[in-house]
Amino acid sequence: MASHILIVDHEPSTLKTMEAFLGRFGYRVSSVSSAEEAIRLLEHLEGNGPVNVDVVITDILLPGMNGLDMTDRIKSRWNVDVMVMTGYTPDYSYEAAVSKGASDFVFKPIQLEELNLRLKRVLRERKLNRERLEMMDELKALSITDDLTQLYNSRYFYIHIKMEIDRFNRYGHDLSLLFLDIDLFKIHNDTYGHVEGDKVLVRIAQLIRSCLRKMDTAYRYGGEEFTVILPETPAEEALTVAERLRAVVAAESFPVPGALAHLTISVGVTQYIREESVTDFVKRADAAMYRAKQAGRNKVTCVWGALNSDLSHIRQVNTEKPRAALPMAEKASDPEKSPVPDTAPVAIGYYFLENPSGADISGLIKLYRLAGWWTDPTDNPAMVSGIVRGSHFFLVAREGSTSAIVAMGRAISDRASDAYIQDVTVDPVFRKKGIGTQVVSRLVSRLKADGIGWIGLIAERKTHLFYRPLGFSPMADAVPMLKLL
Ligand code: GH3
Ligand code: MG
Ligand code: MG
């Protein structure tokens, strides 16, 4: 069924243009000219069954109630996404829109093809969230929790991980798994007794839960072993989560009669490999955890690639001295000095694109498709060429020997002092070589040289961590957006 978009703007000409444009893409479009009318329409729909509006796109400056207050009202009552549009005004900020629950923010004058891209992203997230909620509801009916820790049990772990693997096969989103085991827990039990040991399990379960995002799920896998499923998360990001968990547990004091005990965990991290079985996936996470034990415990170890394959490589984090005085089977490496190993070095050149050739356009369409942002009828050369020309800077990375475009990123600046970097995409074959970071940092340098002081980066949430070292920080949890201060 076509997505239903409600446009709120008091300019009849804007309404007309947007209606015609979105209608061309097959959306069902309604429009009203004030916030009050929009709310009345949603109330009317509610009276007749579930509200079938998917996204409201609203101007901020409206005759009565403004767009931000309307966003607040809508988000508190209905499961409808809101995108906010605004012209240049110092009165309303991106942060203000986000704090009211807006899913995205677009500057006027609206670039229609950009609006369509952003709308697609909002709709895609919406679909994923809806599916996840439905899946969660189905599973709630089963007996799925562990009585002691109130985490999910291992039975549910296996049901859920199979579902996430199915979703991986459909959407191709990264999927990572953590395997946690309490270090030397037997000694704790032997020293303080089983009841005290149980309290530790309960507390560690709480700590795990407190470190996770909404879509992540934690399980008591066995006695003192836990697993965490991280959907839409690459191993690099899962490593960060694992390291946070490790550090939080290591910093915790566990009260025991007359004393405070300290405990640590060892964590294995791995990412799902297409086509592999659930067993292989879980085994690899367990093997990664075992390596963390071998390396001295209180460590995080990530295994990339199938075990025993040439592609498999391992990285350890946490260079803290282990608490357990056991021999180190493997030397822990310094994460700063040993980044994710590269497969083979490639020569890459970076170029600002102004007049794209036919081959360039095909390369860019390929990248947009790979990013999953681009579907018919938008992938036409004229449209892509328009995007290149309409961007403040459009940067591409070319592979040296073939000149083929393997990565891109663009900057758009709607005001003299602000710019946004977006559409940063690297061909999967060329990932993990720092190319995306180069694209972003070169765009940043050019924008700064242009005197632009505020640079935002619109990126998929899962790629945020890659750009942290460039100085970007998340602006809000709700929106995939980073701000460079
Ligand atoms: P390692 O660092 O190698 O994991 O050492 P460990 O002592 O944790 O490992 P081992 O597998 O030898 O022992 C696991 C211990 O976990 C055994 C048992 O005392 C404890 N344990 C397992 N399940 C429970 C439980 O439900 N409650 C309590 N209190 N302890 C448990
Ligand atoms: Mg164990
Ligand atoms: Mg243990």
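That block above? That's the structure.
We now turn to the structure provided with this report. Keep in mind that this is a model prediction, so the values were computed, not measured. (Residues numbered from 1 in each chain as written. Chains lettered and ligands numbered in written order. Predicted model: local features only at pLDDT ≥ 70, side-chain atom pairs only at ≥ 80, totals over all residues.)

### Examining the overall build of the protein
Argument step 1. Counting its regular elements, the protein contains 14 helices and 20 strands.
Argument step 2. Going through the 485 residues of the protein one by one, you find that 36% of them count as buried.
Argument step 3. Considering only contacts in the protein between residues 6 or more positions apart, those separated by 24 or more positions represent 61%. (Helix = DSSP H or I, 4+ residues; strand = E, 2+ residues; numbered from the N terminus. Buried ≥ 20, exposed ≤ 12 C-beta atoms within 10 Å, placed from the backbone. Contact = placed C-beta atoms within 7 Å.)

### Some thoughts on the site of ligand 1
Argument step 1. The full set close to ligand 1 counts 15 residues, and F185, K186, N189, G197 and G223 are the nearest of them.
Argument step 2. Sorting the residues of the shell around ligand 1 by element identifies β6 (175-182), α7 (185-192) and α8 (194-210) as the ones contributing at least two each.
Argument step 3. Considering every element that reaches the shell around ligand 1, the biggest residue donor is α8, with 4 residues.
Argument step 4. Of the residues belonging to the shell around ligand 1, the class tally is 4 nonpolar, 4 polar and 7 charged. (Near = placed C-beta within 6 Å. Nonpolar A, V, L, I, M, F, W, Y, C, P; charged D, E, K, R; others polar.)

### Description of the pairing of strand β16 (residues 405-412)
Argument step 1. Of all 8 residues that make up β16, 8 are buried, and the element is covered over most of its length.
Argument step 2. Here 6 bridges tie strand β15 (residues 393-399) to β16, and the two strands are oriented antiparallel to one another. Paired with V396 across the strands is M408, a residue of β16.
Argument step 3. The antiparallel pairing of β15 with β16 creates a hairpin that spans 5 residues between the two strands, and S403 there sits at a positive phi of about 65°. (Pairing = 2+ DSSP bridges.)

### Let's talk about unusual backbone geometry
Argument step 1. One non-glycine residue, N298, lies in the positive phi region at around 55°.
Argument step 2. Position of N298 among the secondary structure elements: in the loop between α10 (278-294) and β12 (300-304).
Argument step 3. The backbone phi angle of D423 is positive, close to 60°, even though this residue is not glycine.
Argument step 4. With respect to the helices and strands, the residue D423 is situated in strand β17 (residues 418-426).

### Describing the sheet that holds strand β4 (residues 81-86)
Argument step 1. Ordered in space as β2-β1-β3-β4-β5, the 5 strands form an open sheet in which the pairing is parallel. On the outer flanks of this sheet lie β2 (28-32) and β5 (104-107), each paired with one strand and no other. Going from strand to strand, the sheet's axes swing by 20° on average, the running direction of each strand aside.
Argument step 2. When strand β1 (residues 4-8) meets strand β3 (residues 55-59), the two strands line up parallel, connected through 4 bridges. (Axes fitted to C-alpha atoms, helices over the stretch in contact; angles between N-to-C directions.)

### A short note on helix α6 (residues 154-171)
Argument step 1. Between its terminal C-alpha atoms α6 stretches 25 Å, which fits the 26 Å expected from 18 residues at 1.5 Å a residue.
Argument step 2. Looking at α6, one finds that the buried residues are F157, H160, I161 and E164. Taken down its axis, α6 places every buried residue within 105° of arc, on the same side. Of the exposed residues in α6, those oriented more than 90 degrees away from the buried face are K162, D166, N169 and R170.
Argument step 3. Positive backbone phi, at 75°, marks G172, one or two positions downstream of α6. (Expected span 1.5 Å × (residues − 1). Arc of directions from axis to C-beta.)

### Some thoughts on helix α3 (residues 67-77)
Argument step 1. If you check which residues of α3 are buried, you get G67, L68, M70, T71 and I74. In a view along the axis of α3, the buried residues occupy a sector of 155°, so they form one face of it.

### Looking at the pairing of strand β8 (residues 225-231)
Argument step 1. Of all 7 residues in β8, 6 are buried, a share of seventy percent or more.
Argument step 2. Bridge count between strand β7 (residues 217-222) and β8: 5 bridges; the pairing is antiparallel. Note that in β8 the partner of G222 across the bridge is E225.

### A closer look at the packing of helix α11 (residues 358-370) against helix α12 (residues 381-390)
When two helices pack together, their arrangement is captured by the angle between the axes and the distance separating the axes.
Argument step 1. Viewed as axis vectors pointing N to C, α11 and α12 meet at an angle of 90°, and their least axial separation amounts to 10 Å. Between α11 and α12, the interaxial angle falls into the category roughly perpendicular. When α11 is examined against α12, the residues I361, L364 and I365 are found in contact with a partner set consisting of P381, V384 and S385.
Argument step 2. The class makeup of the residues in the contact of α11 with α12 is 5 nonpolar, 1 polar and no charged. (Parallel < 35°, antiparallel > 145°, perpendicular 65-115°, else oblique.)

### Structural notes on the nonpolar core
Argument step 1. Within the largest apolar cluster, 42 residues are counted, with the highest numbers of intra-cluster contacts made by L178, A242, V267 and V269.
Argument step 2. Of all the elements, helix α9 (residues 235-251) adds the most residues to this core, at 7 residues.
Argument step 3. One finds Y420, I435, V439 and I455 within the second-largest nonpolar core, a separate group that totals 34 residues. (Core = buried A, V, L, I, M, F, W, Y, C linked by C-beta atoms within 7 Å.)

### Focus: the packing of helix α2 (residues 35-47) against α3
Argument step 1. At a closest axis distance of 10 Å, the pairing of α2 and α3 adopts a crossing angle of 15°. Taken as axis vectors, α2 and α3 run roughly parallel relative to one another. When you trace α2 past α3, the crossing you get is right-handed. Each of A35, A38, I39 and L42 in α2 lies in contact with α3, whose residues at this interface are G67, M70, R73 and I74.
Argument step 2. For the contact of α2 with α3, the residue count by class is 6 nonpolar, 1 polar and 1 charged. (Left-handed = near helix turned anticlockwise from the far one by under 90°.)

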